[in-house]
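Structural features, examined
If you want the building blocks of each chain, they are given just below.
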Amino acid sequence: MAESALPVAMISGAGRGIGAAIAAELTAHGWAVSLGCRRPGSVPADARQLVCHYDALESQSDQRWIDSTLAAYGRIDAVIHNAGIMLPRSVLEATDEEFDQQFAVNVKAPMRLTRKLWPWLKASGRGRVITLASLSAKRVKSAQSGLYAMSKFSALAFTHALRHAGEADGIRACAICPGFVATDMGMSLSQIPAEKMTQPEDIALLVRTVLMLPNRASIAEIPVNWAVEDNY
Ligand SMILES: NC(=O)c1ccc[n+]([C@@H]2O[C@H](COP(=O)([O-])OP(=O)(O)OC[C@H]3O[C@@H](n4cnc5c(N)ncnc54)[C@H](OP(=O)(O)O)[C@@H]3O)[C@@H](O)[C@H]2O)c1
């Protein structure tokens, strides 16, 4: 297939929540998108979007997703690491298995996927890696968020490491760090009315803005609050 005239973004966990909002925003504004989802068949059909199988816990599914994206579009300019889980465990409660699962999805899978995508991001000349981190990458809000916060601090460090690794090749990395967002995850963790929380569409607009900015305007982190906290 001929190379897409549109820039191409891969979005993990794009079947619902923040990932689905990012996919809709980019599709509406001149991007070709490839959605990585555990259950592609459950994603509402949009003929403009490529929907592929991707499970962060299966080490080979990322290569199949990359191959399908390249077969359809011939180029990859950006990846949005959105797929994530939140195991509400303190660092004293968390078992080894829970630690491994939390880090496998939130840290190890994005690192592995980025490594495999690097040649394509380099070829773009303006490759972008955006990671949905969290305000839990910036502060630890409670004992119960301890394990999750450890994984998100790590995801933030991953972003900063990529900024160094990609500088000379025009690859820019950014971590989006929201507080509560009105998705299944956000609403399962808080009694705050959904309409008061940051909306998935707000995050999607930030992602598109970061993607549009030129290489000379690189944003490392964006903290996003639904309400003022002591430090954020
Ligand atoms: N909502 C918030 O308050 C909030 C705040 C800060 C940061 N975040 C971060 O933002 C990102 C998106 O969160 P969300 O609020 O949209 O969460 P969500 O509504 O719970 O959706 C999570 C997404 O991740 C996918 N996912 C989970 N495990 C996966 C795996 N093993 N392989 C592939 N995909 C997997 C899910 O796919 P399935 O549909 O197959 O389950 C789903 O698409 C996450 O990284 C989260 O940590 C969320």
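Definitions and cut-offs
- Residues numbered from 1 in each chain as written.
- Predicted model: local features only at pLDDT ≥ 70, side-chain atom pairs only at ≥ 80, totals over all residues.
- Helix = DSSP H or I, 4+ residues; strand = E, 2+ residues; numbered from the N terminus.
- Expected span 1.5 Å × (residues − 1).
- Buried ≥ 20, exposed ≤ 12 C-beta atoms within 10 Å, placed from the backbone.
- Arc of directions from axis to C-beta.
- Contact = placed C-beta atoms within 7 Å.
- Near = placed C-beta within 6 Å.
- Nonpolar A, V, L, I, M, F, W, Y, C, P; charged D, E, K, R; others polar.
- Axes fitted to C-alpha atoms, helices over the stretch in contact; angles between N-to-C directions.
- Parallel < 35°, antiparallel > 145°, perpendicular 65-115°, else oblique.
- Left-handed = near helix turned anticlockwise from the far one by under 90°.
- Core = buried A, V, L, I, M, F, W, Y, C linked by C-beta atoms within 7 Å.
- Pairing = 2+ DSSP bridges.
- Right-handed = clockwise from strand over helix to strand, strands pointing away.

Our next topic: helix α2 (residues 61-73). Helix length check: α2 (13 residues) gives 18 Å between terminal C-alpha atoms against 18 Å at 1.5 Å per residue, within 8%. Within the span of α2, buried status applies to Asp 62, Trp 65, Ile 66, Thr 69 and Tyr 73. Taken end-on, α2 shows its buried residues confined to a sector of 100°, consistent with a single buried face. The exposed set on the far side of α2, more than 90 degrees from its buried face, consists of Gln 63, Asp 67 and Ala 71. Looking at the packing, one finds that the buried side of α2 touches β1 (8-12), β2 (32-37), β3 (50-53) and α3 (96-124). The first or second residue beyond α2 is Gly 74, which carries a positive phi of 75°.

Moving on, we come to the site of the ligand. Residues in contact with the ligand amount to 28 residues; listed here are only the nearest, Gly 13, Gly 17, Gly 84, Thr 183 and Gly 186. Secondary-structure elements contributing two or more residues to the shell around the ligand are α1 (17-28) and α5 (184-189). Taken together, the residues of the shell around the ligand break down into 13 nonpolar, 10 polar and 5 charged.

As a further point, take the packing of α1 against helix α6 (residues 200-212). α6 packs onto α1 with a crossing angle of 50° between their chain directions and a minimal axis gap of 8 Å. Comparing their axes, α6 and α1 come out oblique. Crossing geometry of α1 relative to α6 is assigned as right-handed. Residues Gly 17, Ile 18, Ala 21, Ile 22, Ala 24, Glu 25 and Leu 26 of α1 pack against Pro 200, Glu 201, Ile 203, Ala 204, Leu 205, Val 207 and Arg 208 of α6. When the residues that make up the contact of α1 with α6 are grouped by side-chain class, the tally is 10 nonpolar, 1 polar and 3 charged.

The biggest cluster of nonpolar side chains holds 60 residues, and the ones touching the most others in it are Ala 9, Ile 11, Ile 22, Ile 176 and Val 207. Considering each element in turn, this core owes the most residues, 7 residues, to α3. Those residues in contact with Ile 22 that sit more than four places away from it in its chain are Ile 11, Ala 14, Ile 80, Asn 82, Ala 204 and Val 207. The next biggest cluster of nonpolar side chains, apart from the first, holds 5 residues, and it includes Met 86, Leu 147, Tyr 148 and Met 150.

Right, let's talk about the sheet that holds strand β5 (residues 128-132) for a bit. With respect to topology, 7 strands assemble into an open sheet ordered β3-β2-β1-β4-β5-β6-β7, the strand pairing being parallel. The open sheet is flanked by β3 and β7 (221-224), the only strands paired with a single partner. Neighbour-to-neighbour, the strand axes of this sheet turn through a mean angle of 15°, independent of strand direction. Note: β5 against strand β6 (residues 172-178), 5 bridges, orientation parallel. Residue pairing across strands places Val 129 opposite Ala 173, the latter belonging to β6. Together, β1, β2 and β3 form the strand contacts of α2, whose direction differs from that of β3 by roughly 155°. Seen against the sheet, α3 touches β4 (78-81) and β5 and runs at an angle of roughly 175° to β4.

A few words now on the environment of Pro 7. On the secondary structure map, Pro 7 appears in the segment before β1. Through-space distance from the C-alpha of Pro 7 to that of Arg 75 is 7.7 Å; in sequence the pair is 68 residues apart.

Now for the pairing of β5. Across the 5 residues that make up β5, a large majority, 5, are buried. Alternating residues of β5 divide into Arg 128, Ile 130 and Leu 132 and Val 129 and Thr 131, and every residue in both groups is buried. Pairing between β4 and β5: 4 bridges, direction parallel. Within β5, the residue paired with His 81 across the bridge is Thr 131. This β-α-β element, β4 to α3 to β5, shows right-handed connectivity. With helix α4 (residues 146-166) bridging β5 and its parallel neighbour β6, the resulting β-α-β unit is right-handed.

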